[in-house]
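In case you want the letters, here they are:
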Amino acid sequence: MPEQKQDPAAPLSAFPAYQWPEGKQSAVLLSVDVDANSPFLWSQGDSAPQRLGTHEIRNFGPRTGLWRLVELFARFGFKASFYVPGHVAEQHPDMLPALLDAGHEIGLHGYFHEIVSEISDEEFTGAIEASLELFVKQTGKRPTGFRSPAWEMTPHMLSEVRRLGLSYDSSLSGFDHPYEIEGVTEIPVQWAVDDAIFFKFEGGGRDRFPMQSGRMVLEDWKSEWRTLHRFGGLFTLTVHDWISGRAQRIALLEDLLQEIADEPTAWVATADEIARFHQGSANQNRFAVEARIPQPIGARRFGKNA
């Protein structure tokens, strides 16, 4: 791809262009958050109602949906990154080894899919350390990546990812290609290409939004992929075992993945592979930011009485 020249009137954040491996114009990360029923258990705490509906909807994931996704990726020869809460790995001890045997990456995703706003720094540290210990115990290998449940981060969380020697985080959206934040390689995500915001429907009167048409979502995802490819960005698709393992969503993904497979200048890689490329390239120093949280507005609000 020819080198882009900076337009003085353009936002500085649009330049310089990200440089992918030779012969590649963009990258694609296929990621799966294997949440199963851990978010429901976390949200209910010690007072989980004695009902089967939500558990069975979500248990479809590790029973069936996950393996349909694995088979789908195999048909295209694609490797994906699977982010698994410790609780899910604990309940399904054969899952992590099976994903590794299939050539995929496994990464940390909290222990009970705990939400950042609902835990202390100490609780986060305990959860990530316990997850790391469990992954090593079950596979004999140390995972290299972390993805925060619900994609939220704090400066403390970033420092713990760095302290534990993890290679990257995949929870933030500050660029649409890899970057550095406080010395941690960030493999960015984007809500617009996450299946949960369109298809997360559990019934029982708890859902705030109706389920979306799969065809409409597919066209939006294809448009995002085509345009990001033109811009030379990273298309990070995030799906969930219990959502996109269903038949209609498998058909949707087949269509999307076929279009990606037909583009030879798109690099389909795991998050670990993308992070390692970034860390060995000139991109690392060109896209680095601070984890800066602005001060509250407070008394600076105009017209506020003293």
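Residues numbered from 1 in each chain as written. Predicted model: local features only at pLDDT ≥ 70, side-chain atom pairs only at ≥ 80, totals over all residues. Heavy atoms only, no water.

Caption draft 1: Examining the overall build of the protein chain more closely. Broken down by element type, the protein chain carries 12 helices and 10 strands. Evaluated residue by residue, the protein chain yields a buried proportion of 49% over its 306 residues. Excluding contacts between residues fewer than 6 apart, the proportion of contacts in the protein chain whose partners are at least 24 apart in sequence is 71%. Counting only carbon and sulfur atoms, one obtains 52% of the accessible surface of the protein chain, whose full area is about 15,300 Å². (Helix = DSSP H or I, 4+ residues; strand = E, 2+ residues; numbered from the N terminus. Buried < 20%, exposed > 50% of the residue type's maximum accessible area, 1.4 Å probe, protein only. Contact = heavy atoms within 4.5 Å. Areas by Shrake-Rupley, 256 points an atom, 1.4 Å probe, with all protein chains shown as cover.)

Caption draft 2: Summary view of the nonpolar core. Counting 78 residues, the largest nonpolar core has F82, F146, W221, F235 and L237 as the members making the most contacts within it. Not counting residues up to four positions away in its chain, the partners in contact with W221 are A192, V193, D194, D195, F198, F235, L237, L252, L253 and L256. (Core = buried A, V, L, I, M, F, W, Y, C linked by side-chain atoms within 4.5 Å.)

Caption draft 3: Seen up close, the packing of helix α8 (residues 214–231) against helix α10 (residues 247–261). Put simply, α8 and α10 touch, their axes get as near as 10 Å, and they point 25° apart. Taken together, the axes of α8 and α10 are roughly parallel relative to one another. The hand of the α8/α10 crossing is right-handed. Two secondary-structure elements touch here, α8 through G214, R215, L218, W221, K222, W225 and R226 and α10 through Q248, L252, L253, D255, L256, E259 and I260. Grouping the constituent residues of the contact of α8 with α10 by class yields 7 nonpolar, 2 polar and 5 charged. (Axes fitted to C-alpha atoms, helices over the stretch in contact; angles between N-to-C directions. Parallel < 35°, antiparallel > 145°, perpendicular 65-115°, else oblique. Left-handed = near helix turned anticlockwise from the far one by under 90°. Nonpolar A, V, L, I, M, F, W, Y, C, P; charged D, E, K, R; others polar.)

Caption draft 4: Layout of helix α5 (residues 121–139). The end-to-end C-alpha separation of α5 is 27 Å, in line with the 27 Å expected for 19 residues at 1.5 Å each. In this structure, the buried side of α5 is in contact with β2 (81–84), α3 (86–91), α4 (95–101), β3 (105–108), β4 (145–146) and α6 (155–163). Looking at the residues trailing α5, positive phi occurs at G140, about 75°. (Expected span 1.5 Å × (residues − 1).)

Caption draft 5: Representation of the packing of aromatic side chains. Scanning the model with the defined rule gives 15 aromatic pairs in all. Ring centres of W151 and W191 lie 4.3 Å apart, and the angle between their planes is 40°; this geometry places the pair in the tilted category. In this pair, W151 is assigned in the loop between β4 and α6 and W191 in the loop between β7 (184–186) and α7 (196–199), connecting sequence segments 40 residues apart. W191 sits in the partly exposed class, given a relative accessible area of 43%. Ring geometry for F175 versus Y179: centroids 4.9 Å apart, planes at 55°, classification tilted. Side by side, F175 and Y179 carry an identical accessibility label, which is buried. Members of the aromatic cluster, connected to one another through ring pairs, are Y18, W20, F175, Y179, W267, F277 and F287. If you follow R249 out to its NZ or CZ, it ends over the ring of F199, 4.8 Å from the centre. (Phe/Tyr/Trp six-rings, centres within 6.5 Å; stacked < 30°, edge-to-face > 60°. Lys NZ or Arg CZ within 6 Å of the ring centre and 35° of its normal.)

Caption draft 6: Examining the pairing of strand β1 (residues 26–33) more closely. Within β1, 8 of the 8 residues are buried, which leaves the element mostly enclosed by the surrounding structure. Where β1 and strand β9 (residues 266–268) come together, 3 bridges link them in parallel fashion. Considered in β9, the bridge of V28 is made with V268. Relative to strand β8 (residues 234–240), β1 is paired through 7 bridges, and the arrangement is parallel. From the neighbouring strand, D33 faces β8, where its bridge partner is H240. (Pairing = 2+ DSSP bridges.)

Caption draft 7: Representation of the side chain of S244 in the model. Positionally, S244 belongs in helix α9 (residues 241–244). Residue classification places S244 among the buried residues on the basis of a relative accessible area of 1%. A distance of 2.7 Å separates polar atoms of two side chains, one belonging to S244 and the other to D195. Every residue in contact with S244, bar those within four places of it in the chain, is listed here: L69, D195, V239, R249, I250 and L253. (Polar contact = N/O pair within 3.5 Å; in protein donor to acceptor, adjacent residues only side chain to side chain.)

Caption draft 8: Structural detail: empty space enclosed by the protein. Here the structure, examined in full by the defined rule, presents 2 cavities of 30 Å³ or more. Its boundaries defined by the atoms lining it, the largest cavity holds a volume of some 40 Å³. What lines the largest cavity is L30, S31, V32, F73, L237, V239, L253 and L257. Elements represented by at least two residues in the lining of the largest cavity include exactly β1, β8 and α10. It is β1 that provides the largest number of residues to the lining of the largest cavity, a total of 3 residues. When the residues that make up the lining of the largest cavity are grouped by side-chain class, the tally is 7 nonpolar, 1 polar and no charged. As a volume, the second largest cavity reaches approximately 30 Å³. Lining the second largest cavity are E114, V116, I119, F124, F146, S148, P149 and M157. (1 Å grid on protein atoms, 1.4 Å probe; cavity = no way out; pocket = protein on both sides within 12 Å on 5 of 7 lines; lining within 4 Å. Points joined across faces, edges and corners; volume = space filled by probe spheres on them.)

Caption draft 9: Molecular detail of unusual backbone geometry. A positive phi angle, close to 65°, is found at A150, a residue other than glycine. Its location among the elements puts A150 in the loop between β4 and α6. For A150, a relative accessible area of 37% puts it in the partly exposed group. Its identity is not glycine, yet E182 carries a phi of approximately 55°, on the positive side. By the secondary structure assignment, E182 is in the loop between β6 (179–181) and β7. Since its relative accessible area comes to 35%, E182 is described here as partly exposed.

Limitation: the analysis is restricted to geometry and does not speak to function.
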